Amino acid sequence: MKHNADSSPEPHLQFLLDHSAEAVVVIDADDAIHGWNERAERLLGWKRAEQMGQKLACFQLDGGSSAYQFMQQQLEASTGGYKECSFMLQARPRGGEPIAVAVSPVALTLGSKANQTLICFYLRRASSAEAELQELKKTIAQERLQSTATAARSDSASTQSHDDLHYRAHLAALVESSYDAIIGRDVDGRITSWNTGAQRIYGYTESEALGQSITLTLPIHLAQEEPEVRRAVQTGARLEQFETIRRRKDGRLVSISLTISPITNDEGRIVGSSSIERDFTDRKRNEEELRLAKEAAEEASRARVEFLANVSHELRTPMNAIIGMTQLALGEELSEEVRDFISTANESAHSLLNLLNDILDFSKLEAGKFTIDNAPFDLRATLDETVKSLSMRAFEKKLELACEMGSHVPTGLIGDGARLRQVLTNLIGNAIKFTEQGEVVVRVEAVRTWRTEAVLLFSVADTGVGIRVEDQGRILEPFTQVDASTTRRHGGTGLGLAICNELLKLMGSRLTIHSNPGQGSRFSFRVTFGLQQEDQRAPRVPSPLISLRSMPVLVVDDNESNLRIISKSLSTWSLVPQTAGSGTEALRKLAEAEQAQRPFSLVIVDALMPEMDGFELAEQLPQKLSQPPAVVLMVNSSNRRELKQRSAQVGASVCLHKPVSQSDLMDAIMRALNIDYVESELPAELAAAEETKTPLSVLLAEDTPANQKVVTGMLRKRGHRVTIAGDGREAVELFEKQRFDVVLMDVQMPKMDGLEATAAIRQKKRHRGDSVAIIAMTAHAMLGDRERCLQAGMDAYLAKPIDVGELLDLVESVGQAPQPIESASTETDETVKPLKASPRLSLAVDTPVIDLTATMERLGGDEELLQSFIGFFEEDYPQLLKSVVQSAAAHDFETLQRAAHSLKGLAANFSAAACTAVAGKVELQARDHNLTGIDENLAQLQEELKRVEAALKKHRR
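Scope of this entry: the structure provided in the associated data block. Values in this document were obtained by computation on a predicted structure and should not be read as measured data.

**Concerning the packing of aromatic side chains**
And then number 1: Across all of its chains, the model carries seven aromatic pairs by this definition.
And then number 2: Residues Phe 873 and Phe 910 carry aromatic rings whose centres are separated by 5.9 Å and whose planes lie at 85° to one another, so their mutual orientation is edge-to-face. Linking Phe 873 in helix α28 (residues 863-889) with Phe 910 in the loop between α29 (893-908) and α30 (913-927), this pair joins segments that are 37 residues apart in sequence. Assigned by exposure class, Phe 873 and Phe 910 land together as buried.
And then number 3: Of the aromatic side chains, those joined through ring pairs into one cluster are Phe 377, Phe 458, Phe 525 and Phe 529.

**A short note on the sheet that holds strand β8 (residues 191-194)**
And then number 1: With antiparallel pairing, the five strands of this open sheet are ordered in space as β8-β7-β11-β10-β9. The two strands at the open ends of the sheet, each matched to only one other strand, are β8 and β9 (239-247). Neighbouring strand axes in the sheet, compared pairwise and without regard to direction, differ in orientation by 30° on average.
And then number 2: Here nine bridges tie strand β10 (residues 253-264) to strand β11 (residues 270-279), and the two strands are oriented antiparallel to one another. Across the sheet, residue Thr 264 finds its bridge partner in β11, namely Ile 270.

**Brief notes about the sheet that holds strand β28 (residues 742-746)**
And then number 1: Read across the sheet, five strands follow the order β27-β26-β28-β29-β30 without closing on themselves; strand pairing throughout is parallel. Bordering the open sheet on either side are β27 (721-725) and β30 (796-799), each of which pairs with just one other strand. In this sheet, adjacent strand axes meet at a mean angle of 20° when their direction is disregarded.
And then number 2: Bridge count between strand β26 (residues 697-701) and β28: four bridges; the pairing is parallel. From the neighbouring strand, Ala 701 faces β28, where its bridge partner is Met 745.
And then number 3: The strands touched by helix α23 (residues 728-737) within the sheet are β26 and β27, with β27 carrying the most contacts at an inclination of about 135°.

**Looking at helix α12 (residues 379-396)**
Every α-helical turn comprises 3.6 residues, leaving residues that sit three or four positions apart pointing alike.
And then number 1: The first and last C-alpha atoms of α12 sit 27 Å apart over 18 residues, in line with the 26 Å expected at 1.5 Å per residue.
And then number 2: Largest kink in α12: about 40°, centred on Leu 390.
And then number 3: Of the positions making up α12, those classed as buried are Leu 379, Thr 382, Leu 383, Asp 384, Thr 386, Val 387, Leu 390, Ser 391, Ala 394 and Phe 395.
And then number 4: The opening residue of α12, the one whose side-chain oxygen lies 3.2 Å from the backbone nitrogen of Arg 380, is Asp 378.
And then number 5: Looking one or two places after α12, you find Lys 398, whose phi comes out positive at around 60°.

**A word on the pattern of salt bridges**
And then number 1: Under the definition given, this model contains 27 salt bridges.
And then number 2: A salt bridge links Glu 226 to Arg 230, with the nearest nitrogen and oxygen atoms 3.7 Å apart. Remark: Arg 230 and Glu 226 occur in helix α9 (residues 225-234); sequence separation between them is four residues, near one turn of the helix.
And then number 3: On the basis of relative accessible area, Glu 226 is assigned to the buried category, the value being 6%.
And then number 4: Of the residues examined, Arg 230 reaches a relative accessible area of 29% and is grouped as partly exposed.

**A short note on the environment of His 408**
And then number 1: When you line up the elements, His 408 lands in the loop between β13 (400-405) and β14 (412-415).
And then number 2: Separated by 37 residues in sequence, His 408 and Glu 445 have C-alpha atoms that sit 7.4 Å apart.

**Concerning unusual backbone geometry**
And then number 1: A positive phi is found at Ser 911, a non-glycine position, where the angle reads about 55°.
And then number 2: Tracing the sequence through the fold places Ser 911 in the loop between α29 and α30.
And then number 3: The class for Ser 911 is buried, based on a relative accessible area of 5%.
And then number 4: Of note, His 929 is a non-glycine position whose phi angle comes to about 55°, a positive value.
And then number 5: Structurally, His 929 is set in the loop between α30 and α31 (934-953).

**Comments concerning the pairing of strand β1 (residues 23-27)**
And then number 1: Extensive coverage of β1 is indicated by the burial of five of its five residues.
And then number 2: In β1, alternate side chains face the same way, and those of Ala 23, Val 25 and Ile 27 on one face and Val 24 and Val 26 on the other are all buried.
And then number 3: Two elements, β1 and strand β6 (residues 117-125), share five bridges in a ladder whose sense is antiparallel. Pairing of Val 25 across the sheet is with Phe 121, part of β6.
And then number 4: Relative to strand β2 (residues 33-36), β1 runs antiparallel, the two sharing three bridges. Bridge pairing in β2 links Val 26 to Gly 35.
And then number 5: The hairpin turn running from β1 into β2, its antiparallel successor, is five residues long, and Asp 31 in that turn takes a positive phi close to 70°.

Definitions and limits used
- In every chain, residue numbers begin from 1 and rise along the written sequence.
- The model is predicted, so local features are restricted to residues of pLDDT at least 70 and side-chain atom pairs to those at 80 or more, both for listing and for counting; the totals for chains, interfaces and linings are taken over all residues.
- Derived side-chain values reflect all non-hydrogen atoms in the structure, with water molecules and hydrogen atoms excluded from consideration.
- When the centres of two rings from Phe, Tyr and Trp lie within 6.5 Å, Trp using its six-membered ring, the rings pair. Their planes under 30 degrees apart give stacked, over 60 give edge-to-face, and anything left gives tilted.
- The numbering of helices and of strands both runs from the N terminus, where a helix is a DSSP run of H or I of at least 4 residues and a strand a run of E of at least 2.
- Only protein chains enter the accessibility calculation, which uses a 1.4 Å probe; a residue whose area is less than 20% of its type maximum is buried, one above 50% is exposed, and one in between is partly exposed.
- Two strands qualify as a pair provided DSSP detects at least 2 bridges between them.
- Axis angles are defined between N-to-C directions and span 0 to 180 degrees, where every axis is a line fitted to C-alpha atoms and, for a helix, only to the segment in contact.
- Residue contacts follow a heavy-atom distance rule, with two residues in contact if any of their heavy atoms lie within 4.5 Å.
- Expected span, for any helix, means 1.5 Å times one less than how many residues it has.
- Bending is quantified residue by residue as the angle between axes fitted to the seven-residue window ending at that residue and the seven-residue window starting at it.
- N or O atoms within 3.5 Å of each other form a polar contact, as long as, within protein, one can give a hydrogen and the other can take it, and as long as residues adjacent in sequence are counted only when both atoms are side-chain atoms.
- Within this document, salt bridges are pairs made up of a side-chain nitrogen of Lys or Arg and a carboxyl oxygen of Asp or Glu, the two lying within 4 Å of each other.

Take a look at the structure:
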C-alpha cells in the first residue's frame, strides 16, 4: 500500500506521539501504518518516512494472521471489551536479532473518518525476566496442547489426571530451574512458594521461608515499602523492574531488580501475587568501580594538563629572553657568518615559543580553563596586523598573500579579537607551510547583519598540496598530521588545527574543510559578533578623495586575486579601475588611453612580475607617454631595502608594501598625487546616498486587515514594494508566481499558518534554486515559538506590536545582505541564525489606557503614521468585536480565536495594556475551547475598546 496524505497523522497527534515515553505504532484494518513515532524508530530501526502507509511486518504472529485482527482479539479478550491489555510478542528490528517486546494496544478514531477504528499500540523492550516468563508460559501451553491430544486417544478420566500431573510437574521443574528468585505470596504477604533461585539469592531454604511474611527479606530501613507494594497489587497494578535492596539470611544486603504481578482466581478476584527477583549486586559493584576508576582517570588527566600548563608557562620566560637578545644582536653591525648564526638561533627560538604556546593553549583547553572574552575590537586592524605578521614567511616562498574584506562587512565588532587573530594566524601559517607556489587568500564576507550583531564568514584558501577526504576529519584531532612519517617534509606537532577547532567551538562555530589533493584547500568558519554602538559600517574616506571620483586608475599585477581586491577597493571609493595582467598589456592600455585623450592619472603596479616587472614598466613610462602618470609600486616584504632603492631609481612616487591593506592603499594614493588630507567620514550627501536602500519586493503574509495596513504603510514610506497575502496558502501561491526579496510571515493565520507556509516555501526554494529571507511576525515571544520558527526555516523573528525602526532595519538587512562566497551545503548549519524579538510590554497596576510615548518610539516619531494607525483602529475594531461576539455565541472557536488575536494586535499597537490583556484572555479561552466566564470577558473587552477609542480621539487630527 503506497503512502498518501491521508495516512499521515495530524500535526498535533504526531507531536503527542513523538513525545510519548514509549514507542507508538498506529495501524488500520488493512495493517497499513498510520503512526510511527521517534521511539519506534529507535526500537525497531525503521524511519517514519519508510513505514508510513506500508504494511506492518515487524512482528512474529502465529499462523500469519493480520496484526490488526490479532490486536483486536487481544482487546476483546481483555476484561470489559476495548480496554487496555498487555501481552508479549517477538519483534524483528531492522538488521538485528528478534527481541521480546511488551505490547499494550488501545482502539481509537483518527482524522475525519469517524467510522474507521484504528489500533494504537505502545511498545517497550521486555526485560529478561519477562522474556523468561513468556517462554515459560509458551512451553506450558505447548505441553497442555500435547496433553490434550493424548487425552483424545485414551480414557478421558485417567488421561485428564495424567495431564494435570504432567503439567504441574513441568511447571514446577521450570520454576525450580530458574536462576532468578520466583516467589509466591498470598494477599496478606505470606510466602506460599519459594524456588531454588530464591534460596540461592537469599540463603533461606524452602521450609524456612514458606508461611513467613515477605518482610523476611526486607531491610528495616525499607519497612514502609511492603505496605505500598501490597496496596498497588490489590488494585491490580503490575510493578515492573523497580530496583531496591533486600537482606539475605546472613545479614548481607543485595541489590535486587523486582517485578511483581497480581494473581487472580477463576472469578477474577485477586488472591495473591508472584514476583521475579534478580540479584544484580555484582553489576552494581562493577558500575561503582567503573565510576571510581573514571573519576580517578579524569583527576589524573587534570593533573597532567595542569603540569603541562605550568611547565610550558615557565619555559616561555627564558624563551622570550632568548628571542629579545638575539633580535637586539641582529640590530648591530655583524659579520655575515655571525649574523647567520644569530638568525638561525632566533628562528629556532621562535619555533620553540610557538610550540610552547600551542602546548599551553591545548592544556588550558583540556583543563576547561580557557575563556572567550567579549570586548570591542576593530576587525580591519586585526586582519591587517594578522596578515602582515605572516607576510615575510609567504614572500620568502615567493607566494602571494592577500586579504579581501567584503564591502558590507562591519568593522566595529564586539567579541574576542585576540582569539580570532590566533585562529587566522594558525590557518594562514598552515596554508603557507603547505603551499609551494601560487597564493594564499584570506576572505571575510557578511552572511547576515542585524542592528546589534552580524554573522561573518571567514575563509583561508591556498593553492597548496591539498588534503585527501579521508584525512580531513583526522587532522582536526590533536597531535595528528596527514604525513606522520619521520621523512615528512613539513614539521609541526599537529596541535594547530586542533586548537583552532576547539577555540571556534567556544566561539559557537566550527571549522569546515574543502580540499582535494593537488588542488589546494579552503578552511572556513562562521562567527557571530556583536556590533559596537557607533556605526562603523560606513566607509571612512579622505575628503579630498571625493574630488577624485571617476578618476581612471590602472592596476597592474600578474596575480588575479590582487587585481580583484585592489580594484574592488578603488571602486568602493568611486574611482574607476582598469586592470592589466602584465607589463606589456599595461603599456598597451596606457598608450590607448592617451590616444583617446582619457589618460590614466595613476598606475598601481606590482614590482615583481615575470617578463617585464614593475621597475622596468616604470622606467619605460617617460619614454612611451607624453604625460607619464604617478606610479605606486607594490613591493614584497622580503628584501625591502633593495626594492626601495630600485623604486627610487625608476621614479616611483610611492613604495607600497604587500600585502596591501585598504588604509595603506588609500595613504599611498594620497601621497602619490600630493594631496594633503585628514581622515573623515563621508560628506553628508554621500552618507545619505549610502543610507538609501535599494527598493525591495516584500511579500506580507498577514490575515488581519489592520496589521496589513500598518506594515504596508511602514514599508511603502521607505520606497519598498509590498504584495499582501491573506493567509499562508495564498502566500505560497504568490511565491510560486513571482520573486520576492523578503517575506514577512505572520505565524498565526487561517487555512495554513506561517510555519507550514514557511516550510512549503523552503521546499519550493530548493527546487527553484533561489534564496529569500523569511521573517516571522507574531504577538508571542516565548522561547518555544522562536525554536519553532527556526525549525520551520525562518531567518529572523519580529515581535508585535511592530517597531518601525526594527522592522525596516531587519527587512533591509536580511533583504540586501550579500551571500557568503563559495557557500557550500556543508556550511549551511555552522551557525544557527539568530532570532530577533523586540522587548515585551509588562502590565503595571496603574497602566494608562494607551501609552502614546511608547507608540511614537515604535513609529520613529512619525506623526503621519500615527494618524494612519488611529484610522486603522477606528475602521477595523468594530467589525472585529462583532466577529468575537458572534463566534462566541456560536461556539465557533477558530473564528473566535482569530478575531480576538487580531483585536489584541490592534490594541498592542498603542500599548493599550489592559485591552491587550483581556483580548489575550479571550484568545486563550477560544484556543482551549473553554467559554467559562466568556460573557464577563466580552463585556470587559468591549469596555476597554471604547476606552482606547476615546483616548485616541484626543490625538485625532
